[in-house]
Amino acid sequence: MNSKEGEDQLKMRFQIELEFVQCLANPNYLNFLAQRGYLKDKVFNNYIKYLQYWKKPEYAKYLKYPMCLYFLELLQYEHFSREIASSQCAKFIDDQQLLHWQHYTRKRSQLLQQQETSQPAAAQQVVKQEKTM
């Protein structure tokens, strides 16, 4: 194997692990894994432990769904693995995520609007101060 093939394999592995870790942000997918018995599998749990490196900033910056890191952590706990097998639990978490994103989006929009309206006023004050000098 030459270095080009090795580099390509590392890129592919990175992409696969990135995609899998981000799938963990979906409570319905976690429910699917739990109902199929994956969360009881020692090999799978070792893989979850291995994936903890995604919490490091140099890797986390590639994540589009940061909530996946929280679930990556929770999957290490047997109690969570048992509870997420319940469709009711997965639905509740899914609903809470949706509410969180709605609140976050609304709040972020408000903050951006405040910044846009306050910046021109601040710029005008600077211009007035410069004229008086």
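Residues numbered from 1 in each chain as written. Predicted model: local features only at pLDDT ≥ 70, side-chain atom pairs only at ≥ 80, totals over all residues. Heavy atoms only, no water.

Help me out: how do you make sense of the overall build of the protein chain in this one?
For the protein chain, the helix and strand inventory stands at seven helices and zero strands. Order of helices (α) and strands (β) in the protein chain, N terminus to C terminus: α-α-α-α-α-α-α. When the 133 residues of the protein chain are sorted by exposure, 26% land in the buried category. Long-range contacts, defined here as pairs at least 24 residues apart, represent 69% of the contacts in the protein chain between residues at least 6 apart. Working note: accessible area of the protein chain is about 10,200 Å², and carbon and sulfur atoms make up 56% of it. (Helix = DSSP H or I, 4+ residues; strand = E, 2+ residues; numbered from the N terminus. Buried < 20%, exposed > 50% of the residue type's maximum accessible area, 1.4 Å probe, protein only. Contact = heavy atoms within 4.5 Å. Areas by Shrake-Rupley, 256 points an atom, 1.4 Å probe, with all protein chains shown as cover.)

In this structure, what is going on with the environment of Gly37? I would like to understand it.
Checked against the element boundaries, Gly37 lands in the loop between helix H2 (27–35) and helix H3 (42–50). Along the sequence, Gly37 and Ala85 sit 48 residues apart, while their C-alpha atoms lie 9.0 Å from each other.

Would you take a moment to explain helix H1 (residues 3–23) for this structure?
At 3.6 residues per turn, the α-helix brings residues three or four places apart onto the same side. Counted at 1.5 Å a residue, the expected span for H1 with its 21 residues is 30 Å, and the 30 Å between its end C-alpha atoms agrees. Those residues of H1 lying buried are Gly6, Glu17, Leu18, Phe20, Val21 and Gln22. Next to the buried residues of H1 lie H2, H3 and helix H5 (67–74). (Expected span 1.5 Å × (residues − 1).)

How should the confidence of the model for the protein chain be read in this particular structure?
Reading fine detail from the predicted coordinates is not recommended where pLDDT is low. Counting all residues, the mean pLDDT for the protein chain is 87, and 86% of those residues have values of 70 or more. Considering each helix and strand of the protein chain separately, the mean pLDDT is smallest for helix H7 (residues 87–132), with a value of 74, and largest for H3, with 97. (pLDDT = per-residue confidence, 0-100.)

Any chance you could explain the pattern of salt bridges here in plain terms?
A side chain with one charge may pair with a side chain of the opposite charge, provided their charged atoms come close. For the coordinates displayed, the defined rule picks out five salt bridges. Across the salt bridge formed by Glu78 and Arg82, the nearest N and O atoms sit 3.2 Å from each other. One end of the pair, Glu78, and the other, Arg82, are both in helix H6 (residues 78–83), four residues apart, so they sit about a helical turn from each other. (Salt bridge = Lys/Arg side-chain N within 4 Å of Asp/Glu carboxyl O.)

In this structure, what is going on with the nonpolar core? I would like to understand it.
In globular proteins that are soluble, nonpolar side chains generally tend to be buried together. If you look at the biggest cluster of nonpolar residues, it comprises 26 residues, and the most contacted ones within it are Leu24, Trp54, Phe80 and Ile84. For this core, the secondary-structure elements that each account for two or more residues are H1, H2, H3, H5 and H7. Here the element with the most residues in this core is H5; it accounts for five residues. In this structure, Leu24 is in contact with Tyr29, Leu30, Leu33, Ile48, Cys68, Phe71, Leu72 and Leu75, ignoring residues within four places of it in sequence. (Core = buried A, V, L, I, M, F, W, Y, C linked by side-chain atoms within 4.5 Å.)

So what exactly am I meant to see when it comes to the packing of aromatic side chains here?
Working definition: an aromatic ring pair is given by the centre-to-centre distance plus the angle between the planes. Enumeration over the complete set of coordinates arrives at 14 aromatic pairs. For the pair Phe14 and Trp54, a centre-to-centre distance of 5.3 Å together with 35 degrees between the ring planes defines the contact as tilted. On the criterion of sequence distance, the pair formed by Phe14 in helix H1 and Trp54 in the loop between H3 and helix H4 (57–60) is long-range, its members being 40 residues apart. Owing to a relative accessible area of 25%, Phe14 belongs among the partly exposed residues under this scheme. Ring centres of Phe14 and Tyr62 lie 5.2 Å apart, and the angle between their planes is 85 degrees; this geometry places the pair in the edge-to-face category. Of this pair, Phe14 sits in helix H1 while Tyr62 sits in the loop between H4 and H5, and the two are 48 residues apart along the sequence. Within the aromatic cluster, the residues linked to one another by ring pairs are Phe14, Phe20, Tyr29, Phe32, Tyr38, Phe44, Tyr47, Tyr50, Tyr53, Trp54, Tyr59 and Tyr62. (Phe/Tyr/Trp six-rings, centres within 6.5 Å; stacked < 30°, edge-to-face > 60°.)

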